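Commentary on secondary and tertiary structure
Below are the chains, spelled out letter by letter.
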Amino acid sequence: MSIRPYRDIVRRKSRRIMVGSVPVGGDSPITVQTMTNTLTADAEATIAQIRRSEEAGVDIVRVSCPDEESTAALSAIVRASKVPIVADIHFHYKRAIEAAEAGAACLRINPGNIGSAERVREVVKAAKDHGCSMRIGVNAGSLEKDLLEKYGEPCPEAMVESALDHARILQDHDFHEFKISVKASDVFLAVAAYQQLADACDYPLHVGVTEAGGTRTGTVKSSIGMGSLLWAGIGDTIRVSLSAEPEEEVRVGFEMLKALNLRHRGVNVISCPSCARQQYDVIRTVEALEKRVGHITTPMTVSVIGCVVNGPGEARETDIGFTGGGANNHQVYIAGVPHHRLKDGNVVDHLVALIEKKAAEIEAAKAGEVAEADRHRTAAE
């Protein structure tokens, strides 16, 4: 327990698997995924989209492989990608085999439409032969007919039964390098299914609310559903499904993890909604600031507050603080302590310079710690 137990999240204990070089589950960091929406057969366009996702910090990228042209392009995509590639397979089990041969790190299959148990067995063999992990991806919208007849509708019990039935097929073939998802577009259904599945097995869980909607709607729905699960310690890897560019899914995913103190990347800006007390244009300042510091990956917290009501208090808890003052005379805080005043209109440039300087200091300190540890290790040897 920490000194602030109300912030503690106890993660569900799960076994660890590898998706290429990236660990998923166990004590590993929760990974962030996205999915390309280009034609996979267009390797150049797909690689360009992966590059933008990599710049946003993505850990794993999924690409759809609906036809032979897609799997034919996959080897070039895998070679170009800096992160592991998951091949998304529906209906045609042979595409999974081709994807494994092309170097996919993971095969995602939907048990509801991949075909017979024999076809699943062939996919398992391909995964074993080529060192792939797998994801059993259950969706409320494509449950098996027998389960729909048994339960009458998509429900948590049906989704969990589907997942566990197909997990047993993999287990029966001595294959355990897999994770499971039970997604639904309905937040209540998705959360209930994941809660039940979390209690029923120890496999790592890929968490998401599928078909959540556009950027605003999808972010809200995903944050409610995925946020409640992550807060309860459920989830080893996440994908925020948005009708938006893949890199936007990555950004939202990281913001979700940052809000829950589960993962840190980049600048976390704490800002007020602004009101008549503001001493500068808070909204425009924050909009510009977030764009200007989007390239920084060093974790740090910056508060940007319009007036002195909450500004000093927020600044005490942040690496860099900025509070609006009267007569365009604003207060800048460093490490929670008043540092200097700023009396000009170029607030964004000033804050960007401070943030970049702080990031460089943090990275230099990290490098020094690593070098010191290496010296101690060398001396011990």
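Below or above, wherever it landed, is the structure these notes cover. Everything quoted here is computed from the prediction, not taken from an experiment. (Residues numbered from 1 in each chain as written. Predicted model: local features only at pLDDT ≥ 70, side-chain atom pairs only at ≥ 80, totals over all residues. Heavy atoms only, no water.)

A separate point is the packing of aromatic side chains. A complete count under the given rule lists two aromatic pairs for this structure. Ring centres of Phe178 and Tyr203 lie 3.9 Å apart, and the angle between their planes is 25°; on these two criteria the pair is classed as stacked. Here Tyr203 lies in the loop between α7 (187-200) and β9 (206-207) and Phe178 lies in strand β8 (residues 178-183), a separation of 25 residues in the sequence. For the pair Phe178 and Tyr203, a shared accessibility class is recorded, and that class is buried. Look at Tyr280 and Phe322: their rings are 5.2 Å apart centre to centre, the planes differ by 70°, and that puts the pair in the edge-to-face class. Residue Tyr280 is found in the loop between β11 (267-271) and α10 (282-292), and its partner Phe322 is found in strand β13 (residues 320-323); the two are separated by 42 residues along the sequence. Judged by relative accessible area, which is 11%, Tyr280 ranks as buried. Since its relative accessible area comes to 0%, Phe322 is described here as buried. The aromatic ring of Tyr203 is capped on one face by Arg15, whose charged end is 4.3 Å from the ring centroid. A cation over an aromatic ring shows up here: Arg265 above the ring of Phe254, its NZ or CZ 5.7 Å from the ring centre. (Phe/Tyr/Trp six-rings, centres within 6.5 Å; stacked < 30°, edge-to-face > 60°. Helix = DSSP H or I, 4+ residues; strand = E, 2+ residues; numbered from the N terminus. Buried < 20%, exposed > 50% of the residue type's maximum accessible area, 1.4 Å probe, protein only. Lys NZ or Arg CZ within 6 Å of the ring centre and 35° of its normal.)

Turning to the state of the cysteines, a few remarks are in order. One pass over the structure, following the stated rule, counts zero disulfides. Cys132 carries a free sulfur, and the closest cysteine sulfur to it, the one in Cys106, is 7.6 Å from it. Owing to a relative accessible area of 3%, Cys132 belongs among the buried residues under this scheme. (Disulfide = S-S within 2.5 Å.)

Packed helix pairs are specified by the crossing angle of their axes together with the interaxial distance, meaning the distance between the axes. Where helix α2 (residues 68-80) contacts helix α3 (residues 93-102), the two axes come as close as 8 Å, and the packing angle between them is 20°. Between α2 and α3, the angle is such that the two are roughly parallel. Between α2 and α3 lies a crossing whose hand is right-handed. Touching Glu68, Thr71, Leu74, Ser75 and Val78 of α2 are Arg95, Glu98, Ala99 and Ala102, all from α3. Grouping the amino acids of the contact of α2 with α3 by side-chain chemistry returns four nonpolar, two polar and three charged. (Axes fitted to C-alpha atoms, helices over the stretch in contact; angles between N-to-C directions. Parallel < 35°, antiparallel > 145°, perpendicular 65-115°, else oblique. Left-handed = near helix turned anticlockwise from the far one by under 90°. Contact = heavy atoms within 4.5 Å. Nonpolar A, V, L, I, M, F, W, Y, C, P; charged D, E, K, R; others polar.)

Inspection of the secondary structure assignment puts Arg135 in strand β7 (residues 133-139). Of the buried charged residues, Arg135 lacks a salt bridge, with Asp88 as the closest side chain of opposite charge at 4.8 Å. Those residues in contact with Arg135 that lie beyond four places of it in its chain are Arg62, Cys106, Leu107, Arg108, Ile109, Lys179, Ser181, Lys183 and His206. (Lys, Arg positive; Asp, Glu negative; His and termini not counted. Salt bridge = Lys/Arg side-chain N within 4 Å of Asp/Glu carboxyl O.)

This paragraph deals with helix α1 (residues 43-56). Between the first and last C-alpha of α1 there are 20 Å, a value that for 14 residues agrees with the 20 Å anticipated at 1.5 Å per step. Along α1, the residues classified as buried are Ala43, Thr46, Ile47, Gln49, Ile50, Ser53, Glu54 and Ala56. What you see down the axis of α1 is that its buried residues fit within an arc of 165°, all on one side. Exposed side chains of α1 directed beyond 90 degrees from the buried face belong to Glu44 and Glu55. Among the structural elements, β3 (31-35), β4 (60-64), α2, β5 (85-89) and α9 (246-259) are those in contact with the buried residues of α1. Among the residues trailing α1, Gly57 stands out with phi positive, at a value near 105°. (Expected span 1.5 Å × (residues − 1). Arc of directions from axis to C-beta.)

This paragraph deals with the nonpolar core. One finds Leu74, Leu107, Met134, Met159, Phe178, Ile180 and Leu197 to be the most contacted residues of the largest nonpolar core, which totals 81 residues. Not counting residues within four places of it along the chain, the set of residues in contact with Met159 comprises Val138, Ala140, Leu143, Val182, Lys183, Ala184, Leu189 and Ala193. (Core = buried A, V, L, I, M, F, W, Y, C linked by side-chain atoms within 4.5 Å.)

Moving on: the pairing of β7. Burial within β7 is extensive, with seven of its seven residues counted as buried. Burial along β7 is two-sided: the residues Ser133, Arg135, Gly137 and Asn139 and Met134, Ile136 and Val138 are all buried. Pairing between strand β6 (residues 106-109) and β7: four bridges, direction parallel. Note that in β7 the partner of Cys106 across the bridge is Ser133. Relative to β8, β7 is paired through six bridges, and the arrangement is parallel. Counterpart to Arg135 in the pairing with β8 is Lys179. (Pairing = 2+ DSSP bridges.)

Within the open sheet, the five strands sit side by side as β11-β12-β13-β14-β15. Their pairing is mixed. This sheet does not close on itself; its edge strands, each paired only once, are β11 and β15 (337-342). Shown here is a sheet whose adjacent strand axes are inclined to one another by a mean of 20°, direction ignored. Inspection of the sheet shows β13 paired to strand β14 (residues 330-334) by four bridges, in the antiparallel sense.

A word on the environment of Lys258. Tracing the backbone shows Lys258 in helix α9. In the structure, Lys258 is positioned 136 residues away from Glu122 in sequence and 40 Å away in space, judged by C-alpha atoms. Apart from residues lying up to four places away in sequence, Lys258 is in contact with Arg263, His264, Arg265, Gly266, Val267 and Asn268.

On to the sheet that holds β5. Spatially, eight strands are ordered β8-β7-β6-β5-β4-β3-β10-β9 in an open sheet, and the strand pairing comes out parallel. The sheet is open, and its two borders are formed by β8 and β9, each paired with just one other strand. Strands in contact with helix α4 (residues 117-130) are β6 and β7; relative to β6, the strand with the most contacts, it is inclined by about 165°. The sheet strands contacting α9 are β3 and β10 (237-239), and the helix crosses β3 at an angle near 160°.

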